[in-house]
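Notes for the structure review
One letter stands for each residue in the lines below.
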Amino acid sequence: MKRILSLLVFIAILSLLVGCTEQSIDEKEKAPKVSLEEIATQIKEQIAEDMKANGAGEDVLVDGNLQSYIETDLKESEEDDPAVAILLEKMQLNKEEFNSGIVIAAMMNVNSDEIILLEASDEAHVDKLKESLERELEAQTHTWEQYLPDQYEKVKKNIITTKGNYLLYVTYEHPEKIKEVFNQNFE
Amino acid sequence: MSVVNKVICGIFLCFIFGIGVSNLVSKNMNFSEIENRVLSQMPQFTFDSFISGEFTDDFEVYLSDQFVWKKFWVGLNTDVERVTLKKENNGVFFGKEDYLLEGYDKPGEQLQKNINNILYFLNKAENITSYLMVAPTSVGIYNENLPLYAPSFSQKETLTYLEDQFNESIIYLDVYGVLLREKEEQIYFRTDHHWTSIGAYYAYEAAAKKMGFRPYRKDDFSVETVSNDFYGTLYSKASAYRIEPDEIEIFLPKFNLTYEVEYEVNDQSSNTLYEWDNLNKKDQYAVFLNGNHSLVKIKSSLHNGRKLVVIKDSYAHAFIPFLANHFEEIHVIDLRYYHLNIYEYLDTNEIDEVLFLYNLANFSQDKNMIWLKQ
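Residues numbered from 1 in each chain as written. Chains lettered and ligands numbered in written order. Predicted model: local features only at pLDDT ≥ 70, side-chain atom pairs only at ≥ 80, totals over all residues.

Things to note about the overall build of chain B
Stated formally: For the purposes of this entry, the term helix denotes a DSSP run of H or I that reaches at least four residues, the term strand denotes a run of E that reaches at least two, and both are numbered from the N terminus. Note on burial: count the other C-beta atoms lying within 10 Å of the residue's C-beta; 20 or more is buried, 12 or fewer is exposed, in between is partly exposed, and C-beta positions come from the backbone. Here contacts are defined at the residue level, using C-beta atoms placed from the backbone and a cut-off of 7 Å between them.
Each helix and strand counted, chain B has 13 helices and 15 strands in total. In terms of its C-alpha atoms, chain B occupies a principal-axis envelope of roughly 90 × 50 × 45 Å. Looking at the 374 residues of chain B, the share that counts as buried comes to 34%. For chain B, contacts bridging at least 24 residues in sequence account for 71% of all contacts bridging at least 6.

Let's talk about the interface of chain A and chain B
Just so we agree on the cut-off: Classification convention: Asp, Glu, Lys, Arg as charged; Ala, Val, Leu, Ile, Met, Phe, Trp, Tyr, Cys, Pro as nonpolar; all other residues, Gly among them, as polar.
Of the residues lining the interface, 20 residues belong to chain A; the matching set on chain B comes to 23 residues. Residue assignment for the side of chain A that touches chain B shows that the elements contributing at least two residues are α3 (82-91), α4 (126-144) and α5 (149-156) of chain A. With 5 residues, the single largest contributor to the side of chain A that touches chain B is α3 of chain A. Along the lines of polarity and charge, the residues of the side of chain A that touches chain B split into 11 nonpolar, 5 polar and 4 charged.

A few points about unusual backbone geometry
Generally, phi is negative for residues other than glycine and the peptide bonds are trans, each holding for most cases. All names here are of chain A. Here the phi dihedral of aspartate 63 falls at roughly 50 degrees; this positive angle occurs in a residue that is not glycine. Among the secondary structure elements, aspartate 63 is positioned in the loop between β1 (61-62) and β2 (65-66). The class of aspartate 63 is exposed, set by 4 C-beta atoms lying within 10 Å.

A word on the confidence of the model for chain B
Counted only if it meets this: Each residue carries a pLDDT value, the predictor's own confidence for that position, ranging from 0 to 100.
Within chain B, residue pLDDT values average 90, and 98% of them lie at 70 or more. For this predicted complex, the interface score ipTM comes out at 0.76, while the overall pTM is 0.83.

Below, the structure written as structure tokens:
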């Protein structure tokens, strides 16, 4: 009896310890099977699917352009697309620190959806990029917290996640769906 | 066991198990009107979310959001805080005369960034006549209503600094003085962070000369009280129960003028500057111009050829109904949601006047004016 009890106590303590440890650091993943652009395409398909389920027409996604969203390639030159300079400055991102970066956000509607994909140029830059994403989350919080509780709710559910050198930022109605799409490419 | 002990024991058990059981059987709520926020729902269980700990985190939030008689407990908490002389909640001070006042922090680097963003605009759009109006918030005018020793930075000082920085490169519309002078009237809401119609009217009157029109007098409008149960954003933020609600007044012109209002994104249009349905919702301030939109176009029946773009925050909503009486077209753009090229917009629509209208708190902190740097 005593042994069983001590075994139980041992298990209880063990599970407590497991519960309290930081998330495991086995995130040292290899590269994904596809390019960042391809992941972005998959994500857009997921969003289009959700939009259709909500009653949007069939033409929400045409030639990779998602209706009422704007996509910015952060590697493009600032002259060609002024939004690049704005986003880099806003998040205090440094072009050398990532190989590719894509931002998908609402263009001119009152909608807090925002998805950012980044591929760090070096493992050492991952933390810095993550800081930039957290800066963006802070800015989104400030923009949305005052009114429009439904939009702010999405910001509160924001997910920032990392796989190896790859980072994902999601403000969306169902962020876990986007995260799932992202994660699938690393299995 | 004595009777007293049994009674104590009984109460104790009721409390522990009664509330537990009520928690299990009580219905989930979707929305808290008083706090103006969506409440968490039961999270979906997946193996991944359980392992990563997300499920348990979400579950905890769910439990606290859906706690039985939540409204009562939150109210009780506020009462206890009031009795124990707590003077602040979530950055909102419980001021004298039932005023809720949001403290104004000493501005940081964002203020300078925003000044620079507008200077960038002025430089790029050199053929445009530009105006700037930065309104103080209620704490800047009614700071004597703050509780003793409550910290709040001087808004007058910041406004003077602002004006200096622009150094006559923009037509600066000073409204601080006039608002201070008229503070005996209800120029700000007590429970909301906006100014009232009458507050906006005084700003309009003060700005008129520099903007080149003759303002209508107060008695050119009929003033109507459209709500007497308005609890605004500060009320939600501070969970400040037991405070009298605000009234909302609206200035309807007695003179003859019609408007056509177009909300671009949703393709809605309307012939009034007010959206009455919003008086039945939580955010009644949205009665002005139907709340937050990225782009709103207002055409009036005037034919004076004047077209104006207003780049703004929500202080503009109460102000624009006055302004609309002097322009043929007003295009209202909110940079929080509108991220397209503004210079192309001015060009295509042949607009040559721009008004920047913000309240000082937003002007010091907003991170979206960077969209001017296209």
